[in-house]
Amino acid sequence: WLNYYSNQIKVLNLKIEHVFGPNDSKSKFVPWLISQIKSGYFPISLNQGEELRDFIHVSDVANAFLFLLKHKLKDKQFHDFNIGSGTFLQIKEFVKLAEEINSELKSKNTIPYKLKRTNVLQKGKRGNTKINQLKELGWHPNCTIEQGILELLNWKFPIAKKENYQDFLVTV
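Keep in mind the model is a prediction, meaning the values are calculated, not measured. (Residues numbered from 1 in each chain as written. Predicted model: local features only at pLDDT ≥ 70, side-chain atom pairs only at ≥ 80, totals over all residues. Heavy atoms only, no water.)

A. Highlighting helix H2 (residues 29-39). Burial of H2 is extensive: nine of the eleven residues sit out of reach of the surface. When H2 is considered as a whole, its buried residues turn out to be Phe29, Val30, Pro31, Trp32, Leu33, Ile34, Ser35, Gln36 and Ile37. With its phi angle positive at about 85°, Gly40 sits one or two positions after the end of H2. (Buried < 20%, exposed > 50% of the residue type's maximum accessible area, 1.4 Å probe, protein only. Helix = DSSP H or I, 4+ residues; strand = E, 2+ residues; numbered from the N terminus.)

Right, dumping it as structure tokens:
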């Protein structure tokens, strides 16, 4: 229906990938995971964790909204964009990365200097060009997954309660 009304108004249809950041609901995966890690509930119990997600920081989502509102899109009234980092990461790799960053923080009490990302696929390889279209207009995310995880590990999340542990197991 948005496309139908686009002859009367300009429409930006923005589809957000897996957004995370401070002040998020603790019932969502990333805040729950960070709470589990900070509480010391290891190992984190998941399924195989092979699902791919494009994690994007909330500040990058807000910046993409502002960018598109300010950008003069001309050729048509209806525009359809996905807002994401453009990089997919398996759930299990995200968990491993968060555990590694937490371990590094605890062992050295400093910000990790350089972290390696493993098993990362570029979103473009999966055929999703909607994020590439946004990047071609000049927008790029600023917060890496590692920076976002580090920010959340330093954020004051409520500590997870052990009795709620099973409620958040990732399912396929």
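B. Main features of the nonpolar core. Phe29, Val30, Leu33, Phe55, Phe94 and Ile149 are the most contacted members of the largest nonpolar core, which totals 21 residues. Counting only elements with at least two residues in this core, the list comes to H2, helix H4 (91-108) and helix H6 (145-154). At seven residues, H4 tops the list of elements feeding residues into this core. With sequence-adjacent residues up to four places away left out, Phe55 is seen in contact with His18, Phe20, Val30, Ser85, Thr87, Leu89, Ile91, Phe94 and Ile145. The next biggest cluster of nonpolar side chains, apart from the first, holds nine residues, and it includes Ile56, Ala64, Leu73 and Leu134. (Core = buried A, V, L, I, M, F, W, Y, C linked by side-chain atoms within 4.5 Å. Contact = heavy atoms within 4.5 Å.)

C. Here's a closer look at the packing of H2 against H6. Their axes nearest at 10 Å, the elements H2 and H6 cross at an angle of 60°. As summarised for this structure, H2 and H6 are arranged oblique, according to the angle between their axes. Along this stretch, H2 crosses H6, giving a crossing that reads as right-handed. When H2 is examined against H6, the residues Val30, Ile34, Ile37 and Lys38 are found in contact with a partner set consisting of Ile149, Leu152 and Leu153. For the contact of H2 with H6, the per-class residue count stands at six nonpolar, no polar and one charged. (Axes fitted to C-alpha atoms, helices over the stretch in contact; angles between N-to-C directions. Parallel < 35°, antiparallel > 145°, perpendicular 65-115°, else oblique. Left-handed = near helix turned anticlockwise from the far one by under 90°. Nonpolar A, V, L, I, M, F, W, Y, C, P; charged D, E, K, R; others polar.)

D. How the structure looks around the packing of aromatic side chains. Taken as a whole and judged by the stated rule, the model has five aromatic pairs. Ring centres 6.4 Å apart and planes at 50° place the aromatic pair Phe29 and Phe94 in the tilted group. In this pair, Phe29 sits in helix H2 while Phe94 sits in helix H4, placing the two residues 65 residues apart along the sequence. Grouping residues by exposure puts Phe29 and Phe94 together as buried. These aromatic residues form a ring-pair network of at least three members: Phe20, Phe29, Trp32, Phe55 and Phe94. (Phe/Tyr/Trp six-rings, centres within 6.5 Å; stacked < 30°, edge-to-face > 60°.)

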